[in-house]
Amino acid sequence: MTEPLLTVRDLTITYHGHGGSVPAVRGVSFDIEKGGSLGLAGESGCGKSTLANSLLRLLPAGTEVSGEIILGGQDVLSLSPGGLRAVRWTSGAIIFQGALHALNPVQTVGDQIAEPMLVHETTPSQTAAGDRAIELLRRVGLPAARADSYPHQLSGGQRQRVLIAMALACDPHLLIADEPTTALDLMVQAQVLALLDDLKQERDLTLLFITHDLSVLTYACQRLAVMYAGRIVEQGPSWEVFANPSHPYTRALAAAFPTIGDTASRMAPSGLGGDPPTPGSLPEGCPFHPRCPLAEEGCLVSEPELRSSGVERSAACILV
Amino acid sequence: MHPGVTPLVEVEGLHVHFGAARAVDGASLQVAPGEVLALVGESGSGKTTLIRAIQGLQKPTSGEIRVEGESIDTKAKRPIQTIFENPAVQMVFQDPTGALNPRQTIYEIVAEGLRIHGQPEDETDRVAGALSRAGLRPPERFFQMYPHEISGGQRQRVVIAGAMVMQPRLLLADEPVASLDASIRGEILALMRQLVDDTGLAILVVTHDLGLAWNIADRVAVMYLGRIVETGATEQILGDPKHPYTRALLSVVPETREMEQQILTGEIPDPARIPDGCRFHPRCPLLQSGTLVADVSSRCPTEDPGPVAVGATSAAACWAV
Amino acid sequence: MTSIAMKRRRATAGRVWKEFRDSREGMIGLAVLAVFVLLALAAPLLADLRELNPVFARAQGNPQWGSPGEFGPLGTDHIRRSVWAQFVWGSRVSLFVGLAATLLTILIGSVTGIVSGFVGGKADGALMRVTEWFLVIPFLPLAIVLASVLGRSVWNIIFVIGVTSWPSTARLVRAQVLTVKQRLFVDRARSLGASGPHIVAHHILPNVSGLILANATLAVPISILTETTLAFLGLGDPSRASWGKTLEEAFVNGAMVRNAWWYFLPAGLGILAVVLAFTMIGRTLEQIANPRLSRSR
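Definitions and cut-offs
- Residues numbered from 1 in each chain as written.
- Chains lettered and ligands numbered in written order.
- Predicted model: local features only at pLDDT ≥ 70, side-chain atom pairs only at ≥ 80, totals over all residues.
- Helix = DSSP H or I, 4+ residues; strand = E, 2+ residues; numbered from the N terminus.
- Rg over C-alpha atoms; globule rule 2.2 N^0.38 Å.
- Buried ≥ 20, exposed ≤ 12 C-beta atoms within 10 Å, placed from the backbone.
- Contact = placed C-beta atoms within 7 Å.
- Core = buried A, V, L, I, M, F, W, Y, C linked by C-beta atoms within 7 Å.
- Domains from an automatic or database assignment.
- Nonpolar A, V, L, I, M, F, W, Y, C, P; charged D, E, K, R; others polar.
- pLDDT = per-residue confidence, 0-100.
- Axes fitted to C-alpha atoms, helices over the stretch in contact; angles between N-to-C directions.
- Parallel < 35°, antiparallel > 145°, perpendicular 65-115°, else oblique.
- Left-handed = near helix turned anticlockwise from the far one by under 90°.

Quick word on the overall build of chain B
Phase 1 of the analysis: Each helix and strand in chain B was counted, giving twelve helices and eleven strands.
Phase 2 of the analysis: Relative to its length of 321 residues, chain B is compact, with a C-alpha radius of gyration of 21 Å against a globular reference of 20 Å.
Phase 3 of the analysis: Overall, chain B is about 70 × 45 × 40 Å in size when its C-alpha atoms are taken along their principal axes.
Phase 4 of the analysis: Looking at the 321 residues of chain B, the share that counts as buried comes to 55%.
Phase 5 of the analysis: When contacts within chain B are restricted to residue pairs at least 6 apart in sequence, those whose partners lie at least 24 apart make up 66%.

Have a look at this one:
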């Protein structure tokens, strides 16, 4: 097996605010091999966005981060500011959710795509950067004329494509997509997913895809990891995990989006009681136990570790 | 629907135009008592404008809206009071946090409708009952709380309680679970389905989520660019759709595997520039496949198949069907 | 049920008070204000009202231009009146006019803003034109004209200040009303069948009142300064002592030239202190109402 492009070991991230300390991520470990794709699924408060931002050290100052993040052989957490700037966007780039605030409203879209190139000096001149920006726009399915548009003149789908173009500006090896299709319509979502797939193949990209929609991940990624209360509670090949979940939470998450045509879910919506836990106040033992349909006494004792639940699969549940 | 049964809500030939933009361009639909109709479409389809017109929050340009057989005066200057004054029609909103006044207690929020229509003596009991039926138990615990003290799912339950306390016959829901976490979606949908089973409530739910329709809807109406292009029983629309747009939409739902994906190019056109003939024809995969016979394919760019008629239980606005 | 609602209101008030207590700025402002309010309320105990009468002062044998060492804590003025008495009794007028004028301003401004913002349409247009008219007219000439025409009494001063200051409150309130009107819970109330007055009372007002309170607290110092200005220009109530009047008389009678600092300094510092106190309280209330303004990020 080739050396993984991204290695994360025991990543722990705690926010410190005047409200107290909030452990957003609690000991997460995973690898993504070069050219591979990993999906990270979870709901609000599970820590997935915090994790995504931590990979390029984009968290607010004062956040406590411990563990290891090795990207392309470099230890991201111990890089100097200069080294960090060099890594950002050239080794790894983030595609944020395409809401209006991910783009600068007073800069044209073309300028924004060209900006990383100028910052990292990956093109010889400003004109060259502009040309390459237009090239990227075309590649993501937008006409060259769009380079002079402002973000508010574009639709949600178009803005998302601009963000993808921007992320590709410096030819990164790792693409982190943070909820890229969440606010989009079905058809536009399909278009964007198809585009990401094409780009991935074309440029041999490594992809980390973050979303709350488990079914999207089965389409977009080889492997997936499900997060709950700051930890990974299940991981494995995406289609297998979706079709045959080991962890009760994964089962519930998968069932939340019914398979159309499946008589079992016809007129029978299934969900979980309670609410996703708030990071600051987690229940004792397994954080999922208050909502778990299979909870038993042993679940209150301690938080289960990931244990093998199949070939290349693991789940953090004592029932596995 | 049986003949002789008055539909709870009937919309006929509704138009809502904003200048040149025809957001709703001749839509018709019906909801029978006790039935759940899912109005499905993407953004730009006009589904939100349509339900807002039925809710009385948007003045239509022309067309008729009948609630329980009574026609609403859509030309009235003030918002359509007839619907509002009729407690039989209640609403559930997409954003449960925004729908609750942060300065009102849960009790006041749920009791508000009752108080507007006259102070009943058993107000406390009715509020408690509504909260309880919406899954917030024990209800007394929630009386004094403020919206920011409860979770998103609980807020939506409060909105539902506030609607159900009026003992409505029809619920108009605009994306009721879109802004909620995935794991609690099911519970809210199950609650809505249960209310239908327990009280004979009818629901008109607007959504972009076909899975939701599969979960709770009896019938589905698909909207495209201001018109309803197909309608029918859920099993039929989501099992074997006739209209090419519905087929394409179904094919890209990540949860459907059996169909080959038909990813349409481009996005829904600007409602100010609706294509000639069949409004879907520029993106129609069926037309593009070249498999249609000439006398059908020649009509698509020039002749408008017209909207699906009101009262049609199963129809598709397509020349190839 | 209203008793439970009352309990929650008290709890909210308690929370606001606790946050207020945490703000050093707010507490200092409150303390300073408290001192002056007590001063004003205790005026009869602190200084004899008769001391303001020049005939009485002369009869008492007060010195002219007496310095603080010679007579009382703050000396005497050009017609032998006790400056301390003027300071203490003057505080009443300054505070009273400040508060009353602000009340009038807030009342006219809020009602206009709410009606304008909520009703919209032609009414909004008409009211906004009136508001703009008042805003455009230079304040001082208008105040002078009104004061001259209506006569120089405390009530007229209150009226003048109220009538000229309400437009900015009206615009602020209108903007907030427009924002609140868009919110989904107003749609919900409408869908429940709520009438306009019901929506204004239950939904608009509670979400606008915080802003109005903060605005009011910041409008008081402006009213006080306005009263001072008007009094300084000789338009104040001649029969009552006020800090502005003290400053005017000090100026007109050459206290600056004589270096009789005890005459004009106390009044000036008093105004400064009260204005600052209200400003500090107002800023703290604003920060509590709108946490985004808080510096503790």
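Things to note about the overall build of chain A
Phase 1 of the analysis: A count of helices and strands for chain A gives nine helices and twelve strands.
Phase 2 of the analysis: The globule rule puts the C-alpha radius of gyration for 320 residues at 20 Å, and the 20 Å found for chain A is close to it.
Phase 3 of the analysis: Here the C-alpha coordinates of chain A stretch approximately 65 × 50 × 45 Å along the principal axes.
Phase 4 of the analysis: Taking all 320 residues of chain A together, the buried fraction comes to 50%.
Phase 5 of the analysis: At a minimum sequence separation of 6, the contacts of chain A that also span at least 24 residues come to 63%.

Remarks on unusual backbone geometry
Phase 1 of the analysis: A cis amide bond links Arg137(B) to the next residue, Pro138(B), at an omega of -5 degrees.
Phase 2 of the analysis: Turning to its location among the elements, Pro138(B) is positioned in the loop between α4 (123-133) and α5 (140-143).
Phase 3 of the analysis: Residues other than glycine seldom take positive phi values, yet Asp171(A) does so here, at roughly 50 degrees.
Phase 4 of the analysis: Counting through the fold element by element, Asp171(A) comes out in the loop between α5 (156-167) and β7 (174-178).

Remarks on the nonpolar core
One recurring pattern in soluble globular proteins: nonpolar side chains tend to sit buried together.
Residues and elements named next belong to chain B.
Phase 1 of the analysis: Leu39 and Val110 are the most contacted members of the largest nonpolar core, which totals 263 residues.
Phase 2 of the analysis: Taken domain by domain, the makeup of this core includes at least three residues from each of domain 1 (9-88 + 168-274) and domain 2 (99-167).
Phase 3 of the analysis: Residues within four places of Val110 in sequence aside, it is in contact with Val127, Ala130, Leu131, Val158, Ala161, Gly162 and Val165.

Examining α4(B)
Residue and element names in this part refer to chain B.
Phase 1 of the analysis: Residues of α4 that are buried: Val127, Ala128, Ala130, Leu131 and Arg133.
Phase 2 of the analysis: On its buried face, α4 sits against α3 (106-116), α5 and α6 (152-164).
Phase 3 of the analysis: Remark: Gly135 follows α4 within two positions and exhibits a positive phi of approximately 90 degrees.

Looking at the interface of chain A and chain B
Phase 1 of the analysis: Contacts between the two partners involve 34 residues from chain A, matched on the other side by 32 residues from chain B.
Phase 2 of the analysis: Here the side of chain A that touches chain B gets six residues from one element, more than from any other, and that element is helix α6 (residues 186-203) of chain A.
Phase 3 of the analysis: Taken together, the residues that form the side of chain A that touches chain B break down as 18 nonpolar, twelve polar and four charged.

Notes on the interface of chain C and chain B
Phase 1 of the analysis: Counting residues at the interface gives 19 residues for chain C and 24 residues for chain B.
Phase 2 of the analysis: Counting only elements with at least two residues in the side of chain C that touches chain B, the list comes to α1 (2-22), α9 (184-191) and α10 (196-232) of chain C.
Phase 3 of the analysis: Of the residues forming the side of chain C that touches chain B, the biggest block, seven residues, is contributed by α9(C).
Phase 4 of the analysis: In terms of residue class, the side of chain C that touches chain B is built from nine nonpolar, five polar and five charged.

Some words on the environment of Met117(A)
Residue and element names in this part refer to chain A.
Phase 1 of the analysis: By the element assignment, Met117 lies in helix α3 (residues 109-120).
Phase 2 of the analysis: Look at Met117 and you get buried, because 22 C-beta atoms sit within 10 Å.
Phase 3 of the analysis: Through-space distance from the C-alpha of Met117 to that of Ala129 is 6.3 Å; in sequence the pair is twelve residues apart.

Brief notes about the confidence of the model for chain B
All names here are of chain B.
Phase 1 of the analysis: Scored by pLDDT, chain B comes out at a mean of 87, with 93% of its residues at no less than 70.
Phase 2 of the analysis: Between the elements of chain B, mean pLDDT differs from a low of 56, seen in helix α2 (residues 81-85), to a high of 95, seen in strand β3 (residues 36-40).
Phase 3 of the analysis: In the predicted assembly, ipTM is 0.85 and pTM is 0.85.

Regarding the packing of α3(B) against α4(B)
Residues and elements named next belong to chain B.
Phase 1 of the analysis: In the contact formed by α3 and α4, the axes pass within 10 Å of each other and the chain directions differ by 115 degrees. Taken as axis vectors, α3 and α4 run roughly perpendicular relative to one another. Seen from above, α3 lies across α4 with right-handed handedness. Across the interface between the two elements, Tyr107, Val110, Ala111 and Leu114 from α3 touch Glu123, Arg126, Val127, Ala130 and Leu131 from α4.

Points about the environment of Gly66(C)
Residue and element names in this part refer to chain C.
Phase 1 of the analysis: Residue position: Gly66 is located in the loop between α4 (54-60) and α5 (83-119).
Phase 2 of the analysis: Owing to 19 C-beta atoms within 10 Å, Gly66 belongs among the partly exposed residues under this scheme.
Phase 3 of the analysis: With sequence-adjacent residues up to four places away left out, Gly66 is seen in contact with Phe71, Gly75 and Thr76.

As for the domain arrangement of chain B
Residue and element names in this part refer to chain B.
Phase 1 of the analysis: Per the domain assignment, the segments making up chain B are domain 1 (9-88 + 168-274) and domain 2 (99-167).
Phase 2 of the analysis: Taking only C-alpha atoms into account, the centre of domain 1 sits 26 Å from that of domain 2.
Phase 3 of the analysis: Between domain 1 and domain 2, the contact holds eleven residues from the first and twelve residues from the second.
Phase 4 of the analysis: With five residues, the top contributor of residues to the side of domain 1 that touches domain 2 is helix α7 (residues 182-199).
Phase 5 of the analysis: Considered class by class, the residues forming the side of domain 1 that touches domain 2 number nine nonpolar, no polar and two charged.

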